[in-house]
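In case you want the letters, here they are:
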Amino acid sequence: MGPVLILLGPPGAGKGTQARMLEEDFGLVQLSTGDLLRAAVAAGTDAGKQAKAVMEAGQLVSDDIVLAILKDRMVQPDVAKGVILDGFPRTAVQAEALDELLADAGQKITAAISLEVDDEAMVARVSGRYTCAGCGEGYHDEFKQPAKAGVCDKCGGTAMKRRADDNAETVRERLTAYHDQTAPLITYYDDKGVLERLDAMGPIADIRQALGAIVQGVAA
Ligand code: AMP
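Residues numbered from 1 in each chain as written. Predicted model: local features only at pLDDT ≥ 70, side-chain atom pairs only at ≥ 80, totals over all residues. Heavy atoms only, no water.

How would you explain the overall build of the protein chain if you had to name every residue and give the values?
In terms of helices and strands, the protein chain carries 9 helices and 8 strands. Here the C-alpha radius of gyration of the protein chain, 17 Å, is about what a compact globule of 220 residues would show, namely 17 Å. Seen through its principal axes, the protein chain has C-alpha atoms that stretch 50 × 40 × 35 Å. The burial tally for the protein chain puts 44% of its 220 residues in the buried class. Taken together, the 23 basic and 33 acidic charged side chains of the protein chain have centroids lying 6 Å from each other. (Helix = DSSP H or I, 4+ residues; strand = E, 2+ residues; numbered from the N terminus. Rg over C-alpha atoms; globule rule 2.2 N^0.38 Å. Buried < 20%, exposed > 50% of the residue type's maximum accessible area, 1.4 Å probe, protein only. Lys, Arg positive; Asp, Glu negative; His and termini not counted. Charge placed at Lys NZ, Arg CZ, Asp CG, Glu CD.)

This is how it looks when you write it as structure tokens:
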């Protein structure tokens, strides 16, 4: 199996944006538990029904549900190319379960990269963001509009969507959940010797480059 990379960071840090770029640059597969959960909500599965209200409140979905969804995804053949875990793990229980899952497959974590940002800037970043419904390209009311209003630069699609949880109030809840439950994983991975820290406040292209250099260093 290819490298196993974890992107750590609060909502709005750029995990999804950078994971998509790493897919392009390194042929890896983005694995976002948030995307998998939103798909389960949209499909109306049992897990989706249980997760919906929790997600809208900006809290964490139970470890059982998230781990079941992740394990289902990890057995797909494309995962062999190597993965970028985006938004997973988010709790100590999930981190330990991931270690076990990888150990069972004779694998381990290549690197956990912490995208370091200021909380207050995250509220503005997350509140204005939206994506192309067709290809998933990300945009922002203030920071990144498409060249032609309402038309995706990447695929030409005209349907844009916003997440139900991307509002200022819910973002604050999500930041609290991050600091309480997820930020301790930075120490967890530091202790394992796989942590990389990256200042992620700059322009997207600069971070792409810096992240690419890190990935090249650990996964080449
Ligand atoms: P995200 O797309 O990563 O921002 O996730 C959106 C929401 O999905 C989060 O606020 C949580 O409610 C839920 N979620 C996503 N990933 C996880 C996870 N690993 N553990 C628990 N909840 C998650």
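Let's pick the thread back up.
Can you break down helix α7 (residues 168-182) residue by residue, with the values?
Along its 15 residues, α7 runs 20 Å from first to last C-alpha, staying within 8% of the 21 Å computed at 1.5 Å per residue. Among the residues of α7, T170, V171, R174, L175, A177, Y178 and T182 are the ones counted as buried. Taken end-on, α7 shows its buried residues confined to a sector of 160 degrees, consistent with a single buried face. Facing away from the buried side of α7 by over 90 degrees, the exposed positions are E169 and D180. Where α7 is buried, its residues touch β1 (4-8), α3 (46-56), α6 (119-127), β5 (129-132) and α8 (184-192). (Expected span 1.5 Å × (residues − 1). Arc of directions from axis to C-beta. Contact = heavy atoms within 4.5 Å.)

Tell me about the packing of helix α4 (residues 63-74) against helix α5 (residues 92-104), and please be specific about residues and values.
Two elements in contact, α4 and α5, have axes separated by 11 Å at closest approach and are oriented at 30 degrees. Classified by the angle between their axes, α4 and α5 sit roughly parallel to one another. Handedness of the crossing formed by α4 with α5: right-handed. Packed against α4, whose contacting residues are D63, V66, L67, L70, K71 and M74, the element α5 presents V93, Q94, A97, L101 and L102 at the interface. Partitioning the contact of α4 with α5 into residue classes produces 8 nonpolar, 1 polar and 2 charged. (Axes fitted to C-alpha atoms, helices over the stretch in contact; angles between N-to-C directions. Parallel < 35°, antiparallel > 145°, perpendicular 65-115°, else oblique. Left-handed = near helix turned anticlockwise from the far one by under 90°. Nonpolar A, V, L, I, M, F, W, Y, C, P; charged D, E, K, R; others polar.)

Outline the side chain of R125, listing residues and values.
Topologically, R125 is positioned in helix α6. One buried charge, R125, has no salt-bridge partner; the nearest side chain with opposite charge is D199, at 7.4 Å. Among the polar contacts listed, one links the side chain of R125 to the backbone oxygen of A13, at a separation of 3.4 Å. Those residues in contact with R125 that lie beyond four places of it in its chain are G12, A13, G14, V117, H140, F143, A200 and M201. (Salt bridge = Lys/Arg side-chain N within 4 Å of Asp/Glu carboxyl O. Polar contact = N/O pair within 3.5 Å; in protein donor to acceptor, adjacent residues only side chain to side chain.)

How would you summarise the packing of aromatic side chains if you had to cite specific residues and measurements?
In the structure shown here, the tally under the stated rule is 2 aromatic pairs. Ring centres of Y188 and Y189 lie 5.0 Å apart, and the angle between their planes is 85 degrees; on these two criteria the pair is classed as edge-to-face. Among the residues examined, Y189 registers a relative accessible area of 0% and is labelled buried. Taking NZ or CZ as reference, K144 lies 5.1 Å from the ring centre of Y139, over its face. (Phe/Tyr/Trp six-rings, centres within 6.5 Å; stacked < 30°, edge-to-face > 60°. Lys NZ or Arg CZ within 6 Å of the ring centre and 35° of its normal.)

Run through the environment of Q30, naming residues and quoting values.
For Q30, the position within the fold is in strand β2 (residues 29-32). When its relative accessible area of 16% is taken as the criterion, Q30 is described as buried. As a C-alpha pair, Q30 and I84 span 54 residues in sequence and 4.9 Å in three-dimensional space. Aside from chain neighbours lying at most four places away, what touches Q30 is G16, A19, R20, E23, D35, I84 and D86. Among the polar contacts made by the side chain of Q30, one reaches the side chain of D86 at a distance of 2.8 Å.

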